[in-house]
Amino acid sequence: MDVNKIYCMDCLEGMKELKDKSVDVVVTSPPYNIGIKYNKYSDNLSREDYLNWIEEVVKEIKRVLKDDGSFFINIGYTAKDPWIAFDVANVIRKHFKLQNTIHWIKSIAIQKEDVGNYPNIIGDIVVGHYKPINSDRYLSIMHEYIFHFTKNGDVKLDKLSIGVPYQDKSNIKRFGKNKDLRDRGNTWFIPYETIQYRDKDRPHPATFRFPFP
Ligand SMILES: C[S@@+](CC[C@H](N)C(=O)[O-])C[C@H]1O[C@@H](n2cnc3c(N)ncnc32)[C@H](O)[C@@H]1O
């Protein structure tokens, strides 16, 4: 298989073409099995069949991944079925170590009184987009998980490549070894782009957009 080429095929079939321990990083967002209407794929398996399929994929990922490789899996959940993400993580747990849990934040409300004297925050703010839940039981869901699995839990990361500048510049000397970058941490605010027309601007039913060019 060629590098930097997109193969539009079943992931298990595709991975069969790859040699053992030949892959540096796997980034995936499988179907969540929450009844989304895709063109071909049925998103309504029994939980048992779904988790069995996830496990088959995970075993194949383990085979192709290098020993110091990383496996990132993005998975969401619904208000009525909040265990999906954890059930999937628990299956993967049999084969990998959970090294990091990243929270993909899609929307957040920040009140000025909670942050105190931050020069850039001059009032209450609400940023990002989410699908409101019309319910008096459930809160609207504004985040998903990105689990970072590795074979032994000891893979070194170049954290500052996605670092953020210090808010208080006096910390550059104190903690930053004279570099104005600190660890971003595990809450990543990645909003959906503002769209006007769902069909035209977001044609895929489960869009996944990172702010890459
Ligand atoms: C939660 S969505 C992720 C969407 C993706 N992140 C994007 O933005 O295009 C799951 C995707 O997995 C695809 N899929 C389902 N079964 C698959 C399989 N066996 N092999 C490869 N892809 C599959 C679905 O068609 C769907 O596009």
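Report on the accompanying structure. Given the structure is predicted, the values throughout are model-derived calculations rather than measurements.

1. Concerning the overall build of the protein chain
Consideration 1: Secondary structure assignment for the protein chain yields six helices and seven strands.
Consideration 2: The secondary structure elements of the protein chain, listed N-terminal to C-terminal, are α-β-α-β-α-β-β-α-β-β-α-β-α.
Consideration 3: Dimensions of the protein chain, computed from C-alpha atoms along their principal axes, come out at roughly 55 × 45 × 30 Å.
Consideration 4: In the protein chain, which comprises 213 residues, the proportion classed as buried is 30%.
Consideration 5: Contacts in the protein chain between residues far apart in sequence, at least 24 positions, make up 66% of those at least 6 positions apart.
Consideration 6: For the protein chain, the exposed area adds up to about 15,000 Å²; of that, 52% sits on carbon and sulfur atoms.

2. Brief notes about the sheet that holds strand β7 (residues 187–189)
Consideration 1: Taken in spatial order, the five strands of this open sheet run β1-β2-β6-β3-β7, and their pairing is mixed. Each of the sheet's edge strands pairs with one partner strand only, and the pair in question is β1 (23–28) and β7. Neighbour-to-neighbour, the strand axes of the sheet open up by a mean angle of 20°, direction not taken into account.
Consideration 2: Across eight bridges, strand β3 (residues 97–105) lies against strand β6 (residues 143–150) in antiparallel orientation.

3. Here's the deal with helix α3 (residues 84–92)
Residues that lie three or four places apart on an α-helix share one face, since the helix turns once every 3.6 residues.
Consideration 1: Listed in full, the buried residues belonging to α3 are I84, A85, V88, A89, V91 and I92. Down the axis of α3, the smallest arc covering the buried residues is 160°, so these residues share one side.
Consideration 2: Packing partners of the buried residues in α3 comprise α2 (47–64), β2 (65–75) and β6.

4. What to know about the pairing of β2
Consideration 1: Of the strand pairs in this sheet, β1 and β2 are connected by five bridges, and their pairing is parallel. When the sheet's bridge partners are listed, V26 is paired in β2 with F71.
Consideration 2: Regarding the hand of the β-α-β motif, the stretch spanning β1, α2 and β2 is right-handed.
Consideration 3: The pairing of β2 with β6 spans six bridges and is classified as antiparallel. Note on β6: the bridge partner recorded for N74 is I146.

5. Considerations on the pattern of salt bridges
Consideration 1: Counted according to the given criterion, the structure contains 14 salt bridges.
Consideration 2: One salt bridge connects K151 with D67, and the closest N-O pair in it is separated by 3.4 Å. Within this pair, whereas K151 is found in the loop between β6 and α5 (170–174), its partner D67 is found in strand β2, the two being separated by 84 residues in sequence.
Consideration 3: Of the residues examined, K151 reaches a relative accessible area of 12% and is grouped as buried.
Consideration 4: Accessibility expressed as a relative area gives 42% for D67, which makes it partly exposed.
Consideration 5: A salt bridge links K106 to E144; the nearest nitrogen and oxygen atoms lie 2.5 Å apart. With a gap of 38 residues between them, K106 in the loop between β3 and β4 (107–110) and E144 in strand β6 connect regions that are remote in the sequence.
Consideration 6: Looking at K106, the relative accessible area reads 9%, which means it is buried.
Consideration 7: Residues joined by salt bridges that share partners form a network here, namely D20, E60 and R63.

6. What about α2?
Consideration 1: When the terminal C-alpha atoms of α2 are compared, their 26 Å separation across 18 residues agrees well with the 26 Å that a helix rising 1.5 Å per residue should span.
Consideration 2: Looking at α2, one finds that the buried residues are Y50, L51, I54, E55, V57, V58, E60, I61 and V64.
Consideration 3: Looking at the buried side of α2, the elements it contacts are α1 (11–16), β1, β2 and α3.

7. Re the nonpolar core
Consideration 1: With 26 residues, the main nonpolar core has F71, I75, V88, I92, F96, F147 and F149 as its most contacted residues.
Consideration 2: Only β1, α2, β2, α3 and β6 provide two or more residues apiece to this core.
Consideration 3: No other element matches the seven residues that α2 contributes to this core.
Consideration 4: Counting six residues, the second largest nonpolar core, distinct from the first, contains I102, W104, I190 and Y192.

8. Details of the packing of α2 against α3
Consideration 1: One way to put it is that α2 packs onto α3 with a least axis distance of 9 Å and a crossing angle of 45°. When the interaxial angle is binned, α2 and α3 end up oblique. Here the hand of the crossing between α2 and α3 comes out right-handed. Across the interface between the two elements, R47, Y50, L51, I54, E55 and V58 of α2 pack against I84, D87, V88, V91 and I92 of α3.
Consideration 2: Residues that form the contact of α2 with α3 fall into these classes: eight nonpolar, no polar and three charged.

About the criteria used
- Residues numbered from 1 in each chain as written.
- Predicted model: local features only at pLDDT ≥ 70, side-chain atom pairs only at ≥ 80, totals over all residues.
- Heavy atoms only, no water.
- Helix = DSSP H or I, 4+ residues; strand = E, 2+ residues; numbered from the N terminus.
- Buried < 20%, exposed > 50% of the residue type's maximum accessible area, 1.4 Å probe, protein only.
- Contact = heavy atoms within 4.5 Å.
- Areas by Shrake-Rupley, 256 points an atom, 1.4 Å probe, with all protein chains shown as cover.
- Pairing = 2+ DSSP bridges.
- Axes fitted to C-alpha atoms, helices over the stretch in contact; angles between N-to-C directions.
- Arc of directions from axis to C-beta.
- Right-handed = clockwise from strand over helix to strand, strands pointing away.
- Salt bridge = Lys/Arg side-chain N within 4 Å of Asp/Glu carboxyl O.
- Expected span 1.5 Å × (residues − 1).
- Core = buried A, V, L, I, M, F, W, Y, C linked by side-chain atoms within 4.5 Å.
- Parallel < 35°, antiparallel > 145°, perpendicular 65-115°, else oblique.
- Left-handed = near helix turned anticlockwise from the far one by under 90°.
- Nonpolar A, V, L, I, M, F, W, Y, C, P; charged D, E, K, R; others polar.

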